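Here is what each chain is made of, one letter per residue.
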Amino acid sequence: MSATDAVRFWDGIHAARPAVTDPRPNVRLTEVVTGLPPGDVLDLGCGSGGDALWLARRGWRVTAVDVSSVAVGRLTGLAVSHGLDERIAARRHDLRTSFPDGRYDLVSAHYLHTPLDLDRASVLRAAAHSLRPGGRLLVVDHGSTAPWSWDQDPDVRYPAPRQVAEGIALNPATWTVERADSPRRIATGPDGNTAEVTDHVLIVRRTA
């Protein structure tokens, strides 16, 4: 899939979703981040912007990136309407060819699944290297397919958190795995329907 096709695909996904004035944050983000001191955070694949808004309200300085110009444009508008534009910088990035500059206390990658030809391990490795000492990389993946997911391929297989960590291949002298598990929860889709889903949660902390 070319860069143009990738943008067209994700612009179409986001344009088809109704715009909301206050999108919800991801549950695993709120669980993990609540209690952490605010700092600089990179939101990879910001989507509708719920995570970026939630983080900014709690004092984080957010760099939010997405390949979709529709998603980035919507989040920019939401940041202004919520009075959070000084805390949120929304940028379009194709992570296959560019990675945001900066040093971060947290990098959040929620459901960074895509039909693009994306070397995800390299992206997550770059994310880990962008952390300050003491910073955390939070990777939350699908462990099951929700009924409302754009990807209903019955043959899709999601790697377990430990497999994701192995694929990133970080030096254990510098990074340590703090969490790798697969909790279940009841999720609510865009149409209000609910279903039980499994999340794969990986937290890697930079120790040096």
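Residues numbered from 1 in each chain as written. Predicted model: local features only at pLDDT ≥ 70, side-chain atom pairs only at ≥ 80, totals over all residues. Heavy atoms only, no water.

Student: Sorry if this is basic, but what is going on with the packing of helix α5 (residues 120-129) against helix α6 (residues 161-168) here?
Tutor: Geometrically, a packed helix pair is captured by the angle between its two axes and the distance between the axes. Across the interface, α5 lies against α6 with an axial gap of 8 Å and an inter-helix angle of 80°. Relative to α6, the element α5 lies roughly perpendicular. Mapping the contact onto sequence places Arg120, Ala121, Leu124 and Arg125 in α5 and Val164, Gly167 and Ile168 in α6. Of the residues belonging to the contact of α5 with α6, the class tally is four nonpolar, one polar and two charged. (Axes fitted to C-alpha atoms, helices over the stretch in contact; angles between N-to-C directions. Helix = DSSP H or I, 4+ residues; strand = E, 2+ residues; numbered from the N terminus. Parallel < 35°, antiparallel > 145°, perpendicular 65-115°, else oblique. Contact = heavy atoms within 4.5 Å. Nonpolar A, V, L, I, M, F, W, Y, C, P; charged D, E, K, R; others polar.)

Student: What's the story with the pattern of salt bridges in this structure? I'm lost.
Tutor: Inspection of the entire model under this criterion finds 13 salt bridges. When the shortest N-O distance is used, the salt bridge between Asp105 and Arg132 registers 2.9 Å. With Asp105 in strand β4 (residues 104-110) and Arg132 in strand β5 (residues 131-142), the pair connects residues that are 27 residues apart, well separated along the chain. Given a relative accessible area of 26%, Asp105 falls into the partly exposed group. Here Glu196 ties to Arg184 by a salt bridge, and the two come within 3.7 Å at their closest N and O atoms. Of this pair, Glu196 sits in strand β8 (residues 194-206) while Arg184 is found in strand β7 (residues 184-188), placing the two residues twelve residues apart along the sequence. Accessibility expressed as a relative area gives 51% for Glu196, which makes it exposed. By relative accessible area, which is 61% here, Arg184 ends up exposed. Each of the salt bridges in this network shares a partner with another, and the network as a whole consists of Arg28, Glu31, Arg185 and Asp199. (Salt bridge = Lys/Arg side-chain N within 4 Å of Asp/Glu carboxyl O. Buried < 20%, exposed > 50% of the residue type's maximum accessible area, 1.4 Å probe, protein only.)

Student: What exactly am I supposed to notice about the pairing of strand β1 (residues 40-44) here?
Tutor: Looking down a regular strand, the side chains alternate between one sheet face and the other. Of all five residues in β1, five are buried; the element is thus mostly enclosed. Judged by which residues are buried, β1 turns out to be covered on both faces: Asp40, Leu42 and Leu44 on one side and Val41 and Asp43 on the other are all buried. Where β1 and strand β2 (residues 61-66) come together, five bridges link them in parallel fashion. Looking across to β2, one finds that Asp43 is bridged to Ala64. Following the chain from β1 across helix α3 (residues 50-57) to the adjacent parallel β2, one finds a crossover that is right-handed. Sheet analysis places β1 next to β4, joined by four bridges and oriented parallel. Paired with Asp43 across the two strands is Ser108, which belongs to β4. (Pairing = 2+ DSSP bridges. Right-handed = clockwise from strand over helix to strand, strands pointing away.)

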